[in-house]
Amino acid sequence: MDEPVLLTGAGGRVAEAILEGLADDYEWKLLLHSPPTEEPDHEFIVGDVTDESTVREAVAGVEAIIHLAGDPRPEASWESVLTNNIDGTQKMYEAAVAAGVDRFVYASSNHAVGAFETPDRTPEMYRPDDDFLLDGTEFPRPGNHYGISKATGEVIGRYYHDEYDLSVCNVRIGNLTRGHPPIDYERGQAMWLSYPDCAHLHQRTLEADYEFEIVYGISDNDRKYYSIERAREALDYEPQDNSAEWDGEQKVA
Ligand SMILES: NC(=O)C1=CN([C@@H]2O[C@H](COP(=O)(O)OP(=O)(O)OC[C@H]3O[C@@H](n4cnc5c(N)ncnc54)[C@H](O)[C@@H]3O)[C@@H](O)[C@H]2O)C=CC1
Ligand SMILES: O=C1O[C@H](COP(=O)(O)O)[C@@H](O)[C@H](O)[C@H]1O
């Protein structure tokens, strides 16, 4: 990639995982929501993704965008997701096409399909011997307002891809935790995304050739109800981690 990559939500956890793995691999431009307490190692601007002038400044001169900024809380209010997630994402896309950006990577979520986890399927679907598997071709089925906003972000990307030929990759991120999988949380272990796999996956979204993709962003967990086959095929994603190899905080395999 010759030009910088814009990372929105750059003060957050997913950005931390990406920058831990890929800080030296790209020229980064960070969009922070509030002024940093320490000087970042990369070019940065401060502002809100719902502010058109901030967003215009952020996308200027970048080749690709990883759009993470938004309200990540499953319990977030409609007002918050409407503003931060839906309006913010649309403004980012609009500015991206106006600036001639080539590719847009969007942080979608497991919550875009959370309502597939029906009482008759759970908790069995979180276990390795269950064969229920979502592969990204299913319609969204959100279980909360946050999930609606993430599914809407995917649809916004579909429009901007079809209308403006922007390459778009939607990553339905599972449960990102540093160091080890979530403890005493079967669902979280089934959708664990390790920090190294998060960085690697986003590196692939910046390097692979694609048109419009929806992939699941989880590690290669024995327990899984999200297929990672599309990420392997379309992006050449090769995760290294597996929540089954952990007992609490200890790696046992
Ligand atoms: N952490 C996880 O396991 C998962 C995260 N995601 C998605 O990944 C993205 C990043 O999530 P995290 O890093 O976990 O959250 P986070 O809360 O740690 O980071 C999000 C960042 O976005 C910023 N932000 C929020 N609203 C903004 C606005 N209107 N303008 C500019 N910046 C704004 C926040 O200040 C924060 O720094 C979110 O879009 C979330 O929906 C999806 C699935 C799982
Ligand atoms: O989209 C998200 O999903 C993860 C995992 O969901 P949870 O229901 O198991 O907590 C969540 O931790 C993260 O904050 C959210 O943005």
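For clarity, every value in this text was computed on a predicted model and none was experimentally measured. (Residues numbered from 1 in each chain as written. Chains lettered and ligands numbered in written order. Predicted model: local features only at pLDDT ≥ 70, side-chain atom pairs only at ≥ 80, totals over all residues. Heavy atoms only, no water.)

A. Fine view of the site of ligand 2. For ligand 2, the full set of nearby residues is Arg13, Pro72, Ser109, Asn110, His111, Tyr146, Gly174, Asn175, Tyr185 and Arg187. A distance of 3.1 Å separates an oxygen atom of ligand 2 from a polar atom in the side chain of Asn110. In this structure, Tyr146 approaches ligand 2 through a side-chain N or O atom, which is 2.7 Å from an oxygen atom. Contact with the protein chains hides 77% of the accessible area of ligand 2, taken as 380 Å² for the molecule alone. More than half of the atoms belonging to ligand 2 lie within 2 Å of the grid points that define the largest pocket. Considering only residue class, the shell around ligand 2 consists of three nonpolar, five polar and two charged. (Near = heavy atom within 4 Å. Polar contact = N/O pair within 3.5 Å; in protein donor to acceptor, adjacent residues only side chain to side chain. Areas by Shrake-Rupley, 256 points an atom, 1.4 Å probe, with all protein chains shown as cover. 1 Å grid on protein atoms, 1.4 Å probe; cavity = no way out; pocket = protein on both sides within 12 Å on 5 of 7 lines; lining within 4 Å. Sits in = over half its atoms within 2 Å of the grid points. Nonpolar A, V, L, I, M, F, W, Y, C, P; charged D, E, K, R; others polar.)

B. Up close: the pairing of strand β6 (residues 167–173). Buried residues dominate β6, accounting for seven of its seven residues. What you see with β6 is no split at all: Ser167, Cys169, Val171 and Ile173 on one side and Val168, Asn170 and Arg172 on the other are buried throughout. Bridge count between strand β5 (residues 103–109) and β6: seven bridges; the pairing is parallel. The residue bridging Ser109 from the neighbouring strand is Ile173, located in β6. Running through helix α4 (residues 145–164), the crossover from β5 to the neighbouring parallel element β6 is right-handed. In this structure, β6 lies alongside strand β9 (residues 212–217), joined through six bridges in parallel fashion. Within β9, the residue paired with Asn170 across the bridge is Ile214. (Buried < 20%, exposed > 50% of the residue type's maximum accessible area, 1.4 Å probe, protein only. Helix = DSSP H or I, 4+ residues; strand = E, 2+ residues; numbered from the N terminus. Pairing = 2+ DSSP bridges. Right-handed = clockwise from strand over helix to strand, strands pointing away.)

C. Spotlight on a nonpolar patch on the surface. On the surface, a nonpolar cluster with roughly 230 Å² of combined accessible area is contributed by Trp78, Leu82 and Ile148. Since its relative accessible area comes to 32%, Ile148 is described here as partly exposed. (Patch = residues over 30% accessible without salt bridge, like charges linked within 9 Å, V, L, I, M, F, W, Y side chains within 5 Å. Salt bridge = Lys/Arg side-chain N within 4 Å of Asp/Glu carboxyl O.)

D. Highlighting the pattern of salt bridges. For the coordinates displayed, the defined rule picks out 16 salt bridges. Between Arg230 and Glu213 there is a salt bridge; the shortest N-O distance is 2.8 Å. Here Arg230, found in helix α7 (residues 229–235), pairs with Glu213, found in strand β9; they are 17 residues apart in sequence, far enough to count as distant. Relative accessible area serves as the criterion here: at 34%, Arg230 is assigned to the partly exposed category. Looking at Glu213, the relative accessible area reads 8%, which means it is buried. Because the salt bridges share partners, they merge into one network encompassing Asp220, Lys224, Glu229 and Arg232.

E. The layout of surface pockets, seen in detail. Within this model, the largest pocket holds a volume of roughly 820 Å³. Taken together, 35 residues make up the lining of the largest pocket; nearest its centre are Arg13, Val14, Leu68, Gly70 and Pro72. Those elements that provide at least two residues to the lining of the largest pocket are α1 (13–22), β2 (28–32), β5, α4 and β7 (175–177). Of the residues assigned to the lining of the largest pocket, the class counts are 16 nonpolar, 14 polar and five charged. (Points joined across faces, edges and corners; volume = space filled by probe spheres on them.)

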